[in-house]
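# Remarks on the overall topology
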Amino acid sequence: MFSIALKQMEELPVAPNEGISLSAFRSPFSVSGKEGCKYSFDGSSYHYSDGNSMTSQRSSQILTGFDTLDAAPNYDFYANTNAPGRARRTRPSLFQLHSKIEDDSFPPPLYEETSAHREAGDSSEEEAEEPLSEPTRFGWVKGVMIRCMLNIWGVILYLRLPWITAQAGIGMTWVIILLSSCITGITGLSTSAIATNGKVKGGGTYFLISRSLGPELGGSIGLIFAFANAVAVAMHTVGFAETVQSLMQSGTKMVDPTNDIRIIGVITVTCLLAISLAGMEWESKAQIVFFFVILVSFANYLVGTFMPATPQKQAKGFFMDIFVENFKPNYRGLEGSFFGMFSIFFPSATGILAGANISGDLKDPTVAIPRGTLMAIFWTTVSYIIIAGTIGGCVVRDASGGINDTLSNNNDCLGPACKYGWDFTACIKNTSCPFGLSNQYQTMSMVSGFAPLIAAGIFGATLSSALACLVSAPKVFQCLCKDNLYPLIGFFGKGFGKNDEPIRGYVLTYIIAICFILIAELNTIAPIISNFFLCSYALINFSCFHASITNSPGWRPSFRFYSKWLALLGAVVSVIIMFLLTWWAALIAIGIVIFLLGYVLYKKPSVNWGSSVQAGSYNMALSYCVGLNQVDEHIKNYRPQCLVLSGPPSCRPALVDFVGTFTKNLSLMMCANVVTPSPSALNASRNSSHVTWLNKRHIKSFYHGVVAKDLRTGVQMLLQGAGLGRVRPNVLMMGFKRDWRRDTSSSIESYIGIIHDAFDLQYGLCVLRMKEGLDTSRSAQIECPFKINKYSSLPVFIAVNPGFEASPKRDVNSYVVLVTVDPDPMVTEPQPFTVFQSKQGKKTIDVYWLFDDGGLTLLIPYLLKRKKRWARCKVRIFVGGDIQRKEEQKTDKFRLGFHDVEVLPDINARPQPEQYGSLFEDLIGPYRLNPDQKDCEDGQDNQNCPWMVSDEEIDRNKTKTLRQIRLNEVLQDYSRDAAIIVVTMPVGRRGQCPSALYMAWLETVSRDLRPPVLMVRGNQENVLTFYCQ
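Residues numbered from 1 in each chain as written. Predicted model: local features only at pLDDT ≥ 70, side-chain atom pairs only at ≥ 80, totals over all residues. Heavy atoms only, no water.

Right, let's get into the overall build of the protein chain. Along the backbone of the protein chain there are 33 helices and 16 strands. Counting the 1029 residues in the protein chain, one finds 53% classified as buried. Contacts in the protein chain between residues far apart in sequence, at least 24 positions, make up 80% of those at least 6 positions apart. If you sum the accessible surface of the protein chain, you get close to 46,700 Å²; carbon and sulfur atoms cover 57% of it. (Helix = DSSP H or I, 4+ residues; strand = E, 2+ residues; numbered from the N terminus. Buried < 20%, exposed > 50% of the residue type's maximum accessible area, 1.4 Å probe, protein only. Contact = heavy atoms within 4.5 Å. Areas by Shrake-Rupley, 256 points an atom, 1.4 Å probe, with all protein chains shown as cover.)

Encoded structure:
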């Protein structure tokens, strides 16, 4: 794709003896360049219409009393999306505030168009006229606190808490409750901090973690958390089915106890699915009903604990004062241990994120999530402690249930019931007692004042928890699907209705729940999800800790009652408990997280959420860069850090590929672009499409663009200012100027001047020449000189690195239309293939180390050889000297692995006469200064024409000239079939070697060679050593 550009040579704002006025190089057009943006200037104010709104400076005039373009502060300027039914406003750009209105031939828009406007297009005007209906939103009580309390008051409360109290005793049960509450409480504080650090959208836990730690960990934990909630639906449904099955008389069973639970569970979860599909309003109403039913059942239970026990209840183990006897543990069975009980109880505390999981349905998530979550944790912890204390204080562990098992003259009576006149010794010895805390799950029904209300409470708790998980899992999964982090799940991201209900996610959760309901064993299902929830809690706490220690200015939670060290403690404790509960399940959960993390790292999704990982990476990079300044450089740690004069990287892909080959994962690479003055120069130099192109090509490189009046000035800026501390370039990599004989003499002087500047600044230098050339953009460049109207709306041409291009003389008063490659479309075009992207096979890397430059000529081939594409190549070292002293020329001490050393004894022999007499004279002829000529071709003296070559200078440099000609003959003889030729680059003395003569040397050395030629010259300082210190 091409962009047509206008350039007026005479109006370039470069004044003599003055710096460049950068304000003139900003594009006068809108950022998007779309036709939908309209603006007008009525002589006193700008007006801009983007299809969504019409804005002017009047709001600022009302606020300040002055007629100014500045806009008053407004929250709309900081919003990412439009509010329903209301047009969005944007602030004026800095360019509009800073530029002179009367100097602008093209009055630009007052407000720059944003991405939201671009996506909206022309249809946004119609959408603004018809406001969308407001979806259902909930406050902190109804949306978070009640929902969390219902999810925490699940099946464990009624069916397993009395049994856990019998196993662990009242004291250790309280420890289990408080430990669980500490973990969930710390997680609640961390959740509150994250939720109040900006506007929270739908997605719950996944949204909080992914926007804090990034898509890598957020995506993996989001998938696991959604799955854990789907399994929790099965857990709560099985608890409900167990209750119904126990209430059924033996004569009314359908098949057998296990299959009855499965049948009831499937029917129940199907009914819950119907409620969920009806919408959030119906689901919320159902939750309110369940909440009041549970409160009534609690009141009924507490009343029953104070009522005198009937003989029937006493026969089942109900007594009023056995708190001390049940305070100590009495573990039984395979699950009889502290952590066995903890693993069964902990899922009952995992409902703290039920409110956060529907964050998209809350009126104000930043207020509702902290307040509702912490209040729910507090009240449910109190209720658990009360129920564990009361049930353990009035029911024995073992009871027969027989009304006739009263105490007789039996001196061997066992159990605390003996002092109340009951003897359950027989069933205790036989371990056949059917009643008591250790044997009956329905103990709370027996203790309560009216047993059917406890059954109703069980129904309410189990169904509400199952319904909350059935709603949470699809909501979290829908947000994950919309982010497109994983393949094949986008189908489930589609929402329906005004609440954007994830109906497909509901069905998927329903299918997963049924699969686990078929297990029909509550104690088997509960530990499965414990590790998944603990893993989620660990990452939430770590997110809070990591965001705090990065000291990012963007971490500003309005919830202040959190501690980063407490969050870290919560994360560590969660991981430890994962392994203490079920070590193999913990390994599986962590393995799944690592697998999903690795997948996202490999795919590298194009999302940017400003995560704390990015902030942490910046902190680490900054710290390491500063730390490098405290240590002196050492030869062993030398790395060739390359400043590549690539221009737009997409224009010289071969040069970029070559440097990227030996710098990847090793050293710094920085692609540099010098942009000459034009109205769009600043935008072109900072164009992010260049970085996008590098990333798409898998080149690990920085990009740095500067605006300068000419190429050499820009390179001087880069040589002195590029890099940071010790992480700065030390090698200048550039392409060979193939068209130097057709170009102007001043461009040759500029090119050679860059080489001299690099040497002056102690840079190493590499010049790459390829037979087919390096600049791919020139094949797509056409020049069509013709006069056009001054006010034509054509975009302005950006001249890049003109020192490498031909610059034919033009009429400075004419306008030239250039068709040139645009970097933005280049990103989407197919990537060009270069020779450096293919495997080189068993070719040779020929290194002509003719002069000692410090070792850079050897180091670069060594780094190439380490890469897979060049690994099979054989490195041949060619040196000059006496063949009898070949052993002295070997490089074994440097441990480079180069064993094939060839001595060239005739390297200094005279070349063929025709080479010097005809070919070289043809190169240098146009730049010869005749003896009778006193002035340069432009009428200037010789000092102003340093490219001209006199006979004296030719004679003085004749030996070097003959050496370059002879070197080319040697290259032709030995290296015709090499993969690449690396040769020591000649150095011309400043002031004694004219630029045209130096250019002719480089041309002579590298001409007529099929392989790529890399001319290298180090800065004469050691980059290799054979010492170990």
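In this section: the packing of aromatic side chains. Counting across every chain of the model gives 31 aromatic pairs. With a centroid separation of 6.4 Å and 25° between ring planes, the pair formed by F836 and W870 is classed as stacked. Here F836, found in the loop between α28 (823-828) and β12 (844-848), pairs with W870, found in the loop between α29 (856-865) and β13 (874-880); they are 34 residues apart in sequence, far enough to count as distant. Neither residue differs from the other here; F836 and W870 are each classed as buried. Grouped by ring-pair contacts, the aromatic residues W153, Y158, F291, F292 and F298 constitute a single cluster. The residue whose ring lies beneath K285 is W282, and the NZ or CZ to ring-centre distance is 5.1 Å. One residue, R504, lies across the ring of F491, its end atom 4.0 Å from the ring centre. (Phe/Tyr/Trp six-rings, centres within 6.5 Å; stacked < 30°, edge-to-face > 60°. Lys NZ or Arg CZ within 6 Å of the ring centre and 35° of its normal.)

A word on a nonpolar patch on the surface. On the surface, a cluster of nonpolar side chains totalling about 670 Å² of accessible area is made up of V575, F579, W583, W584, L587, I588 and I592. Given a relative accessible area of 32%, V575 falls into the partly exposed group. (Patch = residues over 30% accessible without salt bridge, like charges linked within 9 Å, V, L, I, M, F, W, Y side chains within 5 Å. Salt bridge = Lys/Arg side-chain N within 4 Å of Asp/Glu carboxyl O.)

A separate point is unusual backbone geometry. The phi dihedral of L488 falls on the positive side, at around 70°, and the residue is not glycine. Along the chain, L488 turns up in the loop between α17 (451-482) and α18 (503-517). Even without glycine at this site, H698 takes up a positive phi of about 60°. Relative to the assigned elements, H698 resides in the loop between α25 (689-696) and β7 (702-707).

Turning our attention to the sheet that holds β13. Taken together, 10 strands build an open sheet; the order of strands is β7-β6-β5-β8-β9-β16-β15-β12-β13-β14 and the sheet is mixed. Strands with a single pairing partner mark the edges of an open sheet, and in this sheet they are β7 and β14 (900-904). Averaged over all neighbouring strand pairs, the angle between strand axes comes to 20°, with direction disregarded. By the bridge criterion, four bridges tie strand β5 (residues 642-645) to strand β6 (residues 669-675) in an arrangement that is parallel. Among the inter-strand pairings, L643 is bridged to a residue of β6, identified as M670. On the sheet, α25 packs against β6 and β7 and is oriented at approximately 155° with respect to β7. (Pairing = 2+ DSSP bridges. Axes fitted to C-alpha atoms, helices over the stretch in contact; angles between N-to-C directions.)

Here the focus is the pairing of β13. Of all seven residues in β13, five are buried, a share of seventy percent or more. Where β12 meets β13, five bridges bridge the pair, whose relative direction is parallel. Paired with I845 across the two strands is V875, which belongs to β13. Relative to β14, β13 runs parallel, the two sharing five bridges. Bridge pairing in β14 places F878 opposite E902.

Bringing the side chain of Q972 into the picture now. Residue placement: Q972 occurs in helix α32 (residues 958-974). On the basis of relative accessible area, Q972 is assigned to the buried category, the value being 12%. Not counting residues up to four positions away in its chain, the partners in contact with Q972 are R1007, D1008 and L1009.

Two elements in contact, helix α11 (residues 280-306) and helix α14 (residues 365-394), have axes whose closest approach is 11 Å; the angle formed by their N-to-C orientations is 35°. Viewed along their axes, α11 and α14 form a crossing whose handedness is left-handed. For the pair α11 and α14, contact is made by F298, Y301, L302 and T305 and by S383, I386, I387, T390, I391 and C394, respectively. Tallied by class, residues from the contact of α11 with α14 come to seven nonpolar, three polar and no charged. (Left-handed = near helix turned anticlockwise from the far one by under 90°. Nonpolar A, V, L, I, M, F, W, Y, C, P; charged D, E, K, R; others polar.)

Everything listed is a geometric property; what it means functionally is a separate question.
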